[in-house]
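Residue-level structural notes
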Amino acid sequence: MEQADISHQEITFQATHEVDSFSTDLDASLSNQLYVVESSSCFTDTQRMSFTERLQETFPRAEFISSTEVNKIANSDHKCSFLVLNPVNERKNNSIHSSNEQKSSDEFSGFWQAFEQYQKDPSDSWDLYTNLKLNRLESWLKESPFNAPLQGMNIDSKLLADLDYIEELKNDAEANYEQDLSNFRSKLRKCINSLDTKFKRVKTELWFKESLLTLKRIESFPHTSGRYTAFYVRAPKYNDMLVSHVEVKLDGESAIIVSNGVIMGDDDWVKAEYPELERVAKFFDGSFYLYDHQNDVLLTSYTSGRVPKIIGSASFDSVEWYLHQEDEKHSFENKGDSFNNYLITRTYKTDKNVLPYYLVQGRSKSDPLAKSNKLKHHRIYLMPHKEGLYYLVTHAQPANATIAKQNLIENLILWDANGDQVEPFNHPLTGAFLNSFTLDMLKSGESSKSSIFIKLAKLLIEN
């Protein structure tokens with residue numbers, strides 16, 4: 001910073017408190033009939049047979065249908081969900097593609113980019129899953145929601161290779177399939193585990209969407225009572241904003257979805273529809289708000305350039321820079337020279353790494369938390385400050401001595417009915433929000449680092 005003559009003020013994140021009461025074991029059995037749609041040819045005959053076998057283990061009642069049957073079934077009276085199998089474009093690692101010849105399919109890195117293109121030219125045709133999501137978002141805006149849960153599953157080269165290897169070993173007379181199956185370190189076991197994890201993640205997503213859209217109830221929700229509305233904002237530069245809302249009533253054991261919906265409009269229109277958002281001076285793209293009806297207080301959680309970050313800034317890829325140093329090292333060694341120019345290393349020690357790294361205390365063996373499954377939980381580290389409350393969601397274990405990508409710290413602030421900031425640290429709305437983080441919802445066996453409230457609100461717009 002000094003060499004570039006850029007003035008800056010260093011901010012140190014030093015947590016003073018922690019939260020470890022994450023929601024767990026939310027995932028329950030599915031209630032809807034599941035229909036599986038192959039959007040285009042994804043498999044060879046052998047791969048399809050192997051895939052179907054594994055699919056049936058997770059979803060015994062799943063039924064394959066053609067893409068032409070989706071709308072008819074969705075408009076019927078019985079409760080159903082759809083799983084769409086999507087072949088992946090390996091160059092961009094997702095399945096989104098459009099018929100627009102002037103627009104490269106590589107430019108669509110996510111659904112939001114596809115929606116922006118759709119607004120410019122609604123006549124474009126899309127892959128099946130993207131088209132279904134576009135139609136559903138349009139139905140939300142017209143207040144005629146398409147309530148059948150939709151879930152995509154990318155069929156990429158790794159998944160296909162796993163299927164091929166499983167079948168190859170099954171059909172090889174000289175291979176000992178059963179022995180490899182019982183060896184957790186075998187390639188066969190790893191292939192099967194990879195597929196099982198993918199199906200488990202899909203099941204969890206479908207369960208969550210069923211809870212929101214079909215059952216309108218989430219069991220085992222954080223043990224908090226109250227009435228809250230979660231908002232999520234997408235604010236493109238040149239179009240009106242999209243704002244979703246999900247109103248939730250908590251009774252201490254479960255959550256009842258009171259209402260939900262999506263609107264499109266400018267700032268004035270949004271604030272007229274949702275008066276509780278009048279206390280927000282400016283809406284930013286991707287912003288989230290949580291309104292506490294009982295206390296008439298509004299919460300927001302965000303990260304920006306003014307919020308401290310760990311492992312460098314968001315524009316700095318520490319992993320890529322580390323690999324660059326490794327390449328330099330090999331170049332030096334090939335010339336017979338030694339390399340001692342490391343600035344970034346695989347260690348958190350401050351005397352050996354120029355990047356900041358988070359340091360946390362481990363738990364002793366006598367700690368009750370270390371003797372329960374809470375050892376797996378992430379913690380939320382809190383640092384109150386004059387403009388809100390910084391928090392960081394991270395592992396319960398001490399930081400690994402390996403380099404990682406950026407861990408963003410979030411800032412949490414509250415406003416009262418007059419638009420004045422409220423001290424957040426001891427406020428019940430802060431507790432309700434922080435206790436809504438979950439360990440096992442979005443990524444199997446990992447923390448989503450996200451609140452269930454955020455997930456609810458984002459789902460209506462982005463998935």
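Described in the following lines is the structure provided in the data block.

This part takes up helix α4 (residues 128-141). Taking 1.5 Å as the rise per residue, α4 with 14 residues should run 20 Å; its terminal C-alpha atoms sit 20 Å apart, in good agreement. In terms of burial, α4 is a largely internal element, 10 of the 14 residues being buried. Among all positions of α4, only Leu128, Tyr129, Thr130, Leu132, Lys133, Leu134, Arg136, Leu137, Ser139 and Trp140 are buried. Immediately beyond the C-terminal end of α4, within one or two residues, lies Glu143, with a positive phi of roughly 60°.

Moving on: the pattern of salt bridges. According to the stated counting rule, one finds 12 salt bridges in the structure shown. For the salt bridge of Glu205 with Lys455, the shortest nitrogen-to-oxygen distance reads 3.1 Å. Note that Glu205 is positioned in helix α7 (residues 187-215) and Lys455 in helix α11 (residues 452-462), a separation of 250 residues in sequence. By the burial criterion, Glu205 is buried, and Lys455 matches it.

Here the focus is the sheet that holds strand β2 (residues 33-38). Within the open sheet, the 4 strands sit side by side as β3-β2-β4-β5. Their pairing is parallel. Because the sheet does not close on itself, it has two edges, and the strands there are β3 (63-65) and β5 (150-155). Taking the axes of each pair of neighbouring strands and ignoring which way they run, one obtains an average angle of 30° across the sheet. Against the sheet, α4 engages β2, β4 (80-87) and β5, with an angle of about 160° to β5.

This part takes up the packing of helix α1 (residues 45-58) against helix α5 (residues 157-171). Viewed as axis vectors pointing N to C, α1 and α5 meet at an angle of 95°, and their least axial separation amounts to 9 Å. By the angle between their axes, α1 is roughly perpendicular relative to α5. The segment α1 lies against α5, with Thr46, Gln47, Ser50, Phe51, Glu53 and Arg54 engaging Leu159, Leu160, Leu163, Asp164, Ile166, Glu167 and Lys170. Classifying every residue of the contact of α1 with α5 by side-chain character gives 5 nonpolar, 3 polar and 5 charged.

Parameters at a glance
- Residues numbered from 1 in each chain as written.
- Predicted model: local features only at pLDDT ≥ 70, side-chain atom pairs only at ≥ 80, totals over all residues.
- Heavy atoms only, no water.
- Helix = DSSP H or I, 4+ residues; strand = E, 2+ residues; numbered from the N terminus.
- Expected span 1.5 Å × (residues − 1).
- Buried < 20%, exposed > 50% of the residue type's maximum accessible area, 1.4 Å probe, protein only.
- Salt bridge = Lys/Arg side-chain N within 4 Å of Asp/Glu carboxyl O.
- Pairing = 2+ DSSP bridges.
- Axes fitted to C-alpha atoms, helices over the stretch in contact; angles between N-to-C directions.
- Contact = heavy atoms within 4.5 Å.
- Parallel < 35°, antiparallel > 145°, perpendicular 65-115°, else oblique.
- Nonpolar A, V, L, I, M, F, W, Y, C, P; charged D, E, K, R; others polar.

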